[in-house]
Amino acid sequence: MDPSHIRNFAIIAHIDHGKSTLSDRLLELTGSLTSREMQAQVLDAMDLERERGITIKAHTVRMVYKAKDGETYQLNLIDTPGHVDFSYEVSRSLASCEGALLVVDASQGVEAQTLANAYLAISNGLEIIPIINKIDLPSADIDRTKEMIEKSVGLPADDAIPVSAKTGQNVEEILEAVVHLLPHPKGDADAPLQALIFDSWFDAYRGVIVLARVINGRMRKGQRIKLMSNNRIFDIESMGVMTPKPVELNELSAGEVGFFVATIKNVADTKVGDTITDVDRPCSEALPGFEDIKSMVFAGLYTVDSHEHSLLRDALEKLRLNDSSFNFEPESSVALGFGFRCGFLGLLHLEIIQERLEREYNLDLITTAPGVRYKITLTDGSMVEVDNPSRWPDPSEIEQIEEPVITAKILTNEEYVGGILKLVEDKRGRQQNFEYVSETRVMLTYELPLNEIVLDFYDRLKSVSRGYASLDYHLAGAWVSPMVKMDILIGGDPVDALSLIVHRDSAYERGKVLVEKMRELIPRQMFEVAIQAAIGSKIIARSTVTAIRKNVIAKCYGGDISRKRKLLDKQKEGKKRMKRIGKVDIPQEAFLAVLKVGEE
Ligand SMILES: Nc1nc2c(ncn2[C@@H]2O[C@H](COP(=O)(O)OP(=O)(O)OP(=O)(O)O)[C@@H](O)[C@H]2O)c(=O)[nH]1
């Protein structure tokens, strides 16, 4: 199609501001969907996405729109994931667009991810149309929202379009604005092929499916293509667009967006951000902005039942086919047996993988405390990267430790600033900026060690702000910090899976709270159990689970048999979620108790 009649755009928003609802409404208006098909929100296809109300994978839909000027346009809506863990994917989806709709909830106003996403769009050179959504709500305040868009995002808001994605009010105006305000793509269809991969996944029936934006040249069925980051060569077997149903095509040319299936076996070969070119007539250089995304958060995954270990490996392999940003390698623990050390983009990513393993593969899992990767310079001058406490070098061999640091932007109401400042100081944060973005809203910019964020930061931020704070972060560098390895001993034996890396100055406090928490979580046994926290050979905290005196069944003395049965069943149920370590049964929660340490 003639590029002057193509518009490629994304919808960006803070979580829950109505991106999916608006996308559905646009599809409906352009006749891409009948209202019968609208029952479920189609863009959030996976069950898990729907249940959690978040969009995990980016998708793209082609719509055909007959505008009021009588012309017919091809509108490609590129859906972007909304969460910080996936910000690289967001930035690549944006790089395949010329414009973006910035959706802001009129009752909430601008939030941290509104800003983060708006800045990503601006830095990718996109034209932005502000959309003020949810105007049907009684608490909607259009003027205030406009003011926030101008003041904090720095975009003119006079032309912002007030809509209700729920009732459909004013939504058609958005389509007109897309056609008239957003620039059309400018590629050259006769140049050598240059296309950007902005998503890929594994489909059980079709193999690896890649979403790409053709920047220059043409992509054709049967074409032999090369991926520029790894020089791998594949043949395009089929291609097309989602409408949102897949429709096969023979060609996509400069400016267009679509999917293709090639002879690709492994989704890890198709890296988001990579450039596709033609083998016989290659382009001279790759598109800018390619990054190999690295895991930021690491945790061990083990099955409660050690016989299920190979099932876990199969499940991880299958999940990895679909998600190249997640990786794993075998590890073993004296306490937990054989398991896997896994790397994730962030905490939400970890939770998603863990939940899918439990739900789709029916596995009962133990996750060890999530941590980060440290760069350690040893006294002999060599350097190692350590993300697993069990590989922590002997302190006498450590010269210097560097920990990853993020820049966090927290947007909140004035009245919660006090509580949040205390929290970020507690978490070793260093203030970079403190700024009023409106009369009552404050934007705090802090540098914080990532290690402190993966523990319990989100939950505590939510509780000190009663939910009125939003957070966005990106990796900013590293600090040299005196980190130490803290071991937990149960009944005198160190439990390797409970070890964690903490800052030296908070080790005592952490240790104290942790052994106390563990004491509450570990059920009483027939004997006394000591719980100790230690740094090296030095015990820094201790608590004791006292022994049970009576047999539980004795309580049912004289009772009828069904009560006794019930009690035994209940005990069995309890046992299932326990892991026996040495002589002691430790419940699953105890392994995550380290996460709760910061809570009052
Ligand atoms: N009253 C009202 N509710 C809306 C409107 N638009 C969306 N909602 C509701 O707001 C909630 C969030 O909407 P979604 O469309 O799922 O939000 P989202 O931004 O896609 O969320 P993520 O995919 O999680 O980023 C849902 O309960 C919607 O029904 C609107 O115009 N008015």
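In this convention, every chain numbers its residues from 1, walking through the sequence in written order. For a predicted model such as this one, the threshold for reporting local features is a pLDDT of at least 70, and the threshold for listing and counting side-chain atom pairs is 80 or more; totals across whole chains, interfaces and linings nevertheless cover every residue.

**Regarding the UniProt feature "binding site: GTP" (unreviewed entry) in the protein chain**
For step 1, the next point in the chain: In this structure's numbering, the residues bearing the UniProt feature "binding site: GTP" (unreviewed entry) are D16, H17, G18, K19, S20, T21, N133, K134, I135 and D136.
For step 2, the next point in the chain: Here I135 is to be found in the loop between β5 (127–133) and α5 (142–153).
For step 3, the next point in the chain: On the basis of neighbour counts, which here come to 21 C-beta atoms within 10 Å, the residue I135 falls in the buried class.
For step 4, the next point in the chain: Here the contact rule is simple: place C-beta atoms from the backbone, and any two residues whose C-beta atoms are within 7 Å are in contact. Not counting the four nearest positions on each side in its chain, I135 is found in contact with A106, A140, I142, P162, V163, S164 and Q169. UniProt positions are given in the numbering used here, feature names are shortened, and annotations may be inferred rather than shown by experiment. Strands here mean DSSP runs of E at least two residues long; helices mean DSSP runs of H or I at least four residues long; both are numbered from the N terminus. Exposure classes come from backbone-placed C-beta atoms, where a residue is buried if 20 or more other C-beta atoms lie within 10 Å of its own, exposed if 12 or fewer do, and partly exposed in between.

**Some remarks on helix α6 (residues 171–181)**
For step 1, the next point in the chain: Every buried residue of α6 is accounted for by V171, I174, L175 and V178. Considered in projection along α6, the buried side chains sweep an arc of 100 degrees and stay on one side of the axis. The reported arc concerns the directions from the helix axis to the C-beta atoms and nothing else.

**Some points on the environment of F434**
For step 1, the next point in the chain: Following the sequence through the fold, F434 ends up in strand β23 (residues 430–436).
For step 2, the next point in the chain: Classification of F434 by C-beta neighbours within 10 Å gives exposed; the count is 12.
For step 3, the next point in the chain: Sequence-wise, F434 and G337 are 97 residues apart; in three dimensions their C-alpha atoms are separated by 48 Å.
For step 4, the next point in the chain: Beyond its immediate stretch of four places on either side in the chain, F434 contacts V442 and L444.

**Here we look at the packing of helix α1 (residues 19–29) against α6**
For step 1, the next point in the chain: To define axes, lines are fitted to C-alpha atoms, for helices over the stretch in contact only, and angles between the resulting N-to-C directions are given on a 0 to 180 degree scale. Between α1 and α6, whose axes approach to 10 Å, the crossing angle comes to 80 degrees. When the interaxial angle is binned, α1 and α6 end up roughly perpendicular. Contacts from R25, L26 and L29 in α1 reach V171, E172, I174 and L175 in α6.
For step 2, the next point in the chain: Nonpolar residues are Ala, Val, Leu, Ile, Met, Phe, Trp, Tyr, Cys and Pro. Charged residues are Asp, Glu, Lys and Arg, and all others, Gly as well, are polar. For the contact of α1 with α6, the residue count by class is 5 nonpolar, no polar and 2 charged. Just so you know how the angles are binned, under 35 degrees is roughly parallel, over 145 roughly antiparallel, 65 to 115 roughly perpendicular, and the rest oblique.

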